[in-house]
Amino acid sequence: MNRRQFLAQSIGTALALGWVARTPVHAESMPMDHSMHMMHGGDAPAMPAMAMPDMPMMNPAGIDLTKLKSGEPLKAFTPIVFNQGKADLMIQPTEQVWLKSGSSTPLWGYSSAGNSLIDATEGDTLSINVMNHLPEDTTVHWHGVDVPSDQDGHPHMPIASNQSHTYQFTLPADSAGTYWYHPHPHKRTSFQAAQGLAAPIIIRSKNDPLTALNIPEQLLFFTAPELDAEGKIAPISMSEQMNGRIGNVVLVNGQYQPVLTVAPNSMHRLRLVNATNARYLRLSFGKTAMVQVGTDGGLLTKPLAPQTELLLAPAERAEVCVTFTEATTLQALYYDKGWMGGGMGWSEPKSDQTHLLAIQLSGDAATPPKLPEQLRPIQALGEPKVTRQFVLGEKMAMSMENGKHSMTMDFLINDKAFDMKRIDFTAKANEVELWEIINNTDMDHPFHIHGSQFQVVSIEENGKVTDFPYLAWKDTVNTKKGQTVRLKIMQDLKGLRMYHCHVLEHEDLGMMGQYNVL
Ligand code: C2O
Ligand code: CU
Ligand code: CU
C-alpha cells in the first residue's frame, strides 16, 4: 500500500486557506492533474465538472417555491392504532403531492399513507412489528424515549431489506413528553431521514396539569426536505455533508405553509418538534409571545417567562402555550449556525421561506385560562462521580495512490471518528456523570445522548461560565461554535448507548461515539 497522506487539517482551516476540494467524500477516482488544482486553491475556476453524479459539490437550483401548494388547513397526524399494545409499521416507498401541478414526490414512509403518530401513555407496553420494505437495512430509533438498549434501534441491530423485527418496550413513569422516531442505520441515517423517515411520538401522563386547562393542543412537526427543480428529493451534496441538509422547504406536519384557524384569545398548547436533518429553527410568532412549558423530556417545573422567539436545534422539542389575540404567522428567523465552504463558493443558501404556518382567527372569542404555577417536580441530579470530556472536531484529509487521490472528511469526537467496533468507554448504571461537550469547530452542533434524559448545568463561552437558568430534562442540547456545555447524566438501564451530533450528516461522517453502561 503506497498511500501517502499529504494533508490533514481541520476542515475550517483548509477552506480558509482557499484549498479547493473537488472530490466527493470518500471517492477515490480523481485524476492527478485535478489534485494539483486543489493544491493551488485560491483563484480557482468556477465549479468543475468532476463531481460524481451521486455527490454534487453543492445543490443545483431547487424548486421554485411558488410551485408548491400552500394555504391548506393544517392536518393532524393519524395516530397508529394499537391493538392490545401491538401495532405494525411498514416502512416502504411512498409519495406525497406537494406541487400544484399534481405531480408527486417519491419518498420513504412509515406507512403507505406517510408517517403516523405514536400516541401513548406512561406505563403502556408497546410492541411494534416493523417490516422493512426498503431496498436497504434500516432501524427504528425512538428518539429520547428511555427504552432498553436492545430495543433502541441503534446501528448494531439493523433490520435487513424485506425482514421484520419487533421492538417492545414499556414507556417509563414520568416520561410524558414529545419525542420522535427515525432511522439509525450505520452511515445511512442522514440519507434515510432525507427520504422522509421521521415521525412523532407523544407520551401522555395521567395527571398532566395542562390537560385540566382544557385548551386545544397542536403538534407542529417540522421537516425540511431539499427539493430539486422538479420537486424530487435532491441527492445530498458535499456542501450538505459539511453543513448538514438544511433543506430548501420547511414543512409543518408534512405541509407547506398550511393554515391553523383558532378562536380569538384562545390559548393553545403547541408541541414543537425539529425533525429536520440539520436545520436550526429560530421560531417566532412575531409579537405574539410563547410561554415555554416543556423541553425534550416533558414539562418543566414551572412555566418560563413569555418570549417572542425560541431556538429549536435539530432533534430538539419544546412545548409552549400561546394565546392568539390576532392573526399572525409562525416564522423561522435567520440563525447563524456557522457555515463552511463560503470561500469555495459554497455559500450559505439564502432561505426564501421564513413563513412556516399562518394563524387565522375565527369564531367566538375565548377566555384564556391562567397557567398553573407548578407543572411537575424535577429532581436535580446530585454530585457527579465521574467527569468526561467530549471534544467535537473536524478533519479533512487527502491521500494519493497510483496517481489518484481521495479526500475524506471526518467529523470527530475526541479526535476519533465513530467505529462500530470500538466502545469508547464504560460507565456505571445509576451513577451521576458530568459531561463536558467542547465545541472547537466553526459550526454549532446539537449533541444528543441515547438512553436517558440529562440536565444541562452550565454553558461556557469566551471563558465565562453561565449556569443554565432552569431545571429541565433534555436529550439534545445545542453547542454553539466555541462553547463548552456541561450536563449531568445518569443512565439507569444497562447496555450500549450512542452519543452524537444530531446534524445527521455529521453523525454519519463520524461525529458519534458509543459507550457501555454496566
Ligand atoms: Cu435521534 Cu441517535 O438519534
Ligand atoms: Cu436518540
Ligand atoms: Cu455536527
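Up top you'll find the structure we're talking about.
This write-up is about the structure you can find in this document. (Residues numbered from 1 in each chain as written. Chains lettered and ligands numbered in written order. Predicted model: local features only at pLDDT ≥ 70, side-chain atom pairs only at ≥ 80, totals over all residues. Heavy atoms only, no water.)

1. Some points on the nonpolar core
Note the cut-off: Residues belong to a common nonpolar core when they are buried Ala, Val, Leu, Ile, Met, Phe, Trp, Tyr or Cys residues joined through side-chain atoms within 4.5 Å. Three labels apply to residues, based on accessible area from a 1.4 Å probe with only protein chains included: buried if under 20% of the type maximum, exposed if over 50%, partly exposed otherwise in between. As used throughout, domain bounds are those supplied by an automatic or database domain assignment.
Counting residues in each nonpolar core, the largest one holds 34 residues, and the members touching the most others are F390, W435, F447, I449, L487, Y499 and Y515. Per-domain counts for this core show at least three residues from each of domain 2 (217-361) and domain 3 (386-517). By size, the runner-up hydrophobic cluster in this structure holds 26 residues, among which are I80, L89, L134 and V145.

2. Points about the coordination of the copper ion (ligand 3)
Basically, it comes down to this: The rule for donors is simple: an N, O or S atom within 2.8 Å of the metal counts, and for Na, K and Ca the reach is 3.2 Å. Water is not among the atoms, so a site may look short of donors.
Around the copper ion (ligand 3), the donor atoms from the protein are H445 (ND1), C501 (SG) and H506 (ND1), and they sit 2.0 to 2.1 Å away. The sequence pattern formed by the donor residues of the copper ion (ligand 3) is H-x55-C-x4-H. A single burial state applies to C501 and to H506, both of which are buried.

3. Remarks on the sheet that holds strand β27 (residues 445-449)
Heads up, the rule is: Here, a strand pair is defined by DSSP locating no fewer than two bridges between the strands. By definition, any uninterrupted DSSP run of H or I lasting at least four residues is a helix, any uninterrupted run of E lasting at least two residues is a strand, and each is numbered from the N terminus. An axis is simply a line fitted to the C-alpha atoms; with a helix, the fit covers only the stretch in contact. Between two such axes, the angle follows the N-to-C directions and lies from 0 to 180 degrees.
As summarised here, the arrangement of the five strands in space is β25-β33-β32-β27-β30, forming an open sheet in which the pairing is mixed. In this open sheet, the two edge strands, each paired with only one partner strand, are β25 (425-427) and β30 (476-479). With strand direction ignored, the average angle separating the axes of adjacent strands in the sheet is 25 degrees. Where β27 and β30 come together, four bridges link them in antiparallel fashion. If you follow H445 over to β30, its bridge partner there is T479.

4. Focus on the coordination of the copper ion (ligand 2)
In this structure, H141 (NE2) and H448 (NE2) serve as the protein donors to the copper ion (ligand 2), at separations of 1.9 Å. Of this pair, H141 sits in strand β7 (residues 141-143) while H448 sits in strand β27, and the two are 307 residues apart along the sequence. By the burial criterion, H141 is buried, and H448 matches it.

5. Topic: the sheet that holds strand β6 (residues 125-132)
Spatially, β4-β3-β6-β8 is the arrangement adopted by the four strands of the open sheet, whose pairing is mixed. With partners counted over all chains shown, the strands left at the sheet margins are β4 (105-109) and β8 (164-170), one partner each. Neighbour-to-neighbour, the strand axes of this sheet turn through a mean angle of 25 degrees, independent of strand direction. In this sheet, β6 lies alongside strand β3 (residues 86-96) in parallel orientation, the contact comprising six bridges. Considered in β6, the bridge of L89 is made with V130.

6. Observations regarding empty space enclosed by the protein
Put simply, the rule is: Buriedness for pockets is judged along seven lines, at least five of which must meet protein on both sides within 12 Å for an open set on the 1 Å grid over protein atoms alone, while cavities are sets there where a 1.4 Å probe fits but cannot get out, and lining residues have an atom within 4 Å of a point. Grid points are joined across faces, edges and corners, and a volume is the space filled by probe spheres set on the points. Each residue is assigned to one of three groups, with Ala, Val, Leu, Ile, Met, Phe, Trp, Tyr, Cys and Pro labelled nonpolar, Asp, Glu, Lys and Arg labelled charged, and all others, Gly among them, labelled polar.
As enumerated under the stated definition, the model contains two cavities of 30 Å³ or more in all. Along the walls of the largest cavity sit H141, W142, G144, V145, D146, D152, I449, H450, G451, S452, Q453 and D475, which together make up its complete lining. Partitioned by chemical class, the residues of the lining of the largest cavity number three nonpolar, six polar and three charged. Approximately 30 Å³ is the volume found for the second largest cavity.

7. As for the environment of V262
Looking at where V262 falls in the secondary structure, it is placed in strand β14 (residues 259-262). Look at V262 and you get buried, because its relative accessible area is 3%. Linking V262 and D364, residues 102 residues apart in sequence, is a C-alpha distance of 9.6 Å.

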